[in-house]
Amino acid sequence: MLTLVTSPHQWEEALPLLMDAMGRWSAVSEWGRRYLTDPEDTLWVWETPRGPVGVIGFHRQPGRSAEITHIAIHSPWRGRGLGRQLIQAAWSRHPDVEQLVLETDDDAIAFYRRLGWDCQAIGPKKPGWRTRYRCTCSRNDASGSIVDVGSHFMRKDDGA
Ligand SMILES: CC(C)(COP(=O)(O)OP(=O)(O)OC[C@H]1O[C@@H](n2cnc3c(N)ncnc32)[C@H](O)[C@@H]1OP(=O)(O)O)[C@@H](O)C(=O)NCCC(=O)NCCS
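As the structure is a prediction and not an experimental result, all values here were calculated from the model.

**Focus on the overall build of the protein chain**
On a plain count of helices and strands, the protein chain comes out with five helices and seven strands. Helices (α) and strands (β) of the protein chain occur, in sequence order from the N terminus, as β-α-α-α-β-β-β-α-β-α-β-β. Sequence-distant contacts, at least 24 apart, represent 55% of the contacts inside the protein chain between residues at least 6 apart.

**Examining helix H4 (residues 82-93)**
With 12 residues, H4 should reach 16 Å at 1.5 Å per residue; the first-to-last C-alpha distance of 16 Å fits that figure. Restricting attention to buried positions, one finds in H4 the residues Gly 83, Gln 85, Leu 86, Ile 87, Gln 88, Ala 90 and Trp 91.

**So, the site of the ligand**
In the vicinity of the ligand, 18 residues are found, and the nearest of them are Arg 78, Gly 83, Arg 84, Ala 110 and Phe 111. When residues of the shell around the ligand are traced back to their parent elements, those giving at least two are helix H2 (15-22), strand S4 (65-73), H4 and helix H5 (109-114). Taken together, the residues of the shell around the ligand break down into eight nonpolar, four polar and six charged.

**Things to note about the sheet that holds strand S5 (residues 99-104)**
Reading across the sheet, the seven strands line up as S1-S2-S3-S4-S5-S7-S6 and stay open at both edges, with mixed pairing between neighbours. With partners counted over all chains shown, the strands left at the sheet margins are strand S1 (2-4) and strand S6 (118-124), one partner each. Pairs of neighbouring strands in the sheet enclose a mean axial angle of 25°, with direction left out of account. Here S4 runs beside S5; their pairing, made up of three bridges, is parallel. From the neighbouring strand, Ala 66 faces S5, where its bridge partner is Leu 100. Against the sheet, H4 makes contact with S1, strand S2 (41-48), strand S3 (51-60), S4 and S5, and its axis sits at roughly 40° relative to S3, the strand it touches most.

**With respect to the confidence of the model for the protein chain**
On average, residues of the protein chain carry a pLDDT of 88, and 89% of them reach 70 or more. Highest mean pLDDT in the protein chain belongs to S4 (97); lowest belongs to S1 (89).

Parameters and conventions
Here the residue numbering is sequential within each chain, running from 1 through the sequence in written order. Under the rules for a predicted model, residues below a pLDDT of 70 receive no local features and side-chain atom pairs below 80 are neither given nor counted, while totals for whole chains, interfaces and linings still include all residues. Segments assigned H or I by DSSP are reported as helices when at least four residues long, segments assigned E as strands when at least two residues long, and all are numbered from the N terminus. Any two residues are considered in contact once their C-beta atoms, placed from the backbone, lie within 7 Å. A helix's residues, less one, multiplied by 1.5 Å, set its expected span. Once C-beta atoms are placed from the backbone, each residue is buried if 20 or more other C-beta atoms lie within 10 Å of its own, exposed if 12 or fewer, and partly exposed for counts between those two. Put plainly, near means the residue's C-beta atom, positioned from the backbone, lies within 6 Å of the molecule or strand in question. Note on residue classes: Ala, Val, Leu, Ile, Met, Phe, Trp, Tyr, Cys and Pro are nonpolar, Asp, Glu, Lys and Arg are charged, and everything else, Gly too, is polar. Pairs of strands are assigned from DSSP output, requiring at least two bridges between the strands. Interaxial angles span 0 to 180 degrees and are taken between N-to-C directions of axes, which are lines fitted to C-alpha atoms, for helices over the stretch in contact. Predictor confidence is given residue by residue as pLDDT, running from a minimum of 0 to a maximum of 100.

Written out as structure tokens, the structure is:
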């Protein structure tokens, strides 16, 4: 079930995933404040009976655009289509948004390109750092049908 994070308790449950997405506790802490208090910033967590398996965060931009600020799937669940479903959920939960944007690096760029995003290198943030990419996707170019994802997503070994 995809749930909007509104409480510190939900936030704490998602901490390992947020570390996967952000890499630094200082960033996790700063974004925690934003996601819990700023109406422009929202975080969704994919809950299962075994706990959270995915997170996706958004920042609303002016006009009909939104930025995917963070996305992470718990490592045992990767490669099962859950990342794709979270992006599809992004579209369906924001019906007024016509364009999604994000920044990423080499680790995830193939994922976004596979989903129909256009990604252009913008160079490293600082000399010696890894190359960053600015990726965009319009609703018309999104790969796969944009439907609301199912309310539950079970692991194969959950007996579903
Ligand atoms: C990037 C991430 C969210 C992808 O989630 P996922 O659930 O593994 O992705 P999916 O299974 O939905 O993959 C969708 C498609 O992209 C492809 N894909 C996913 N990750 C890929 C990768 N690293 N390289 C190449 N292709 C990839 C899949 O093979 C699949 O292709 P298909 O259409 O042939 O089935 C996940 O790997 C993750 O959490 N990574 C760590 C955090 C991170 O890097 N976040 C992004 C920072 S911007």
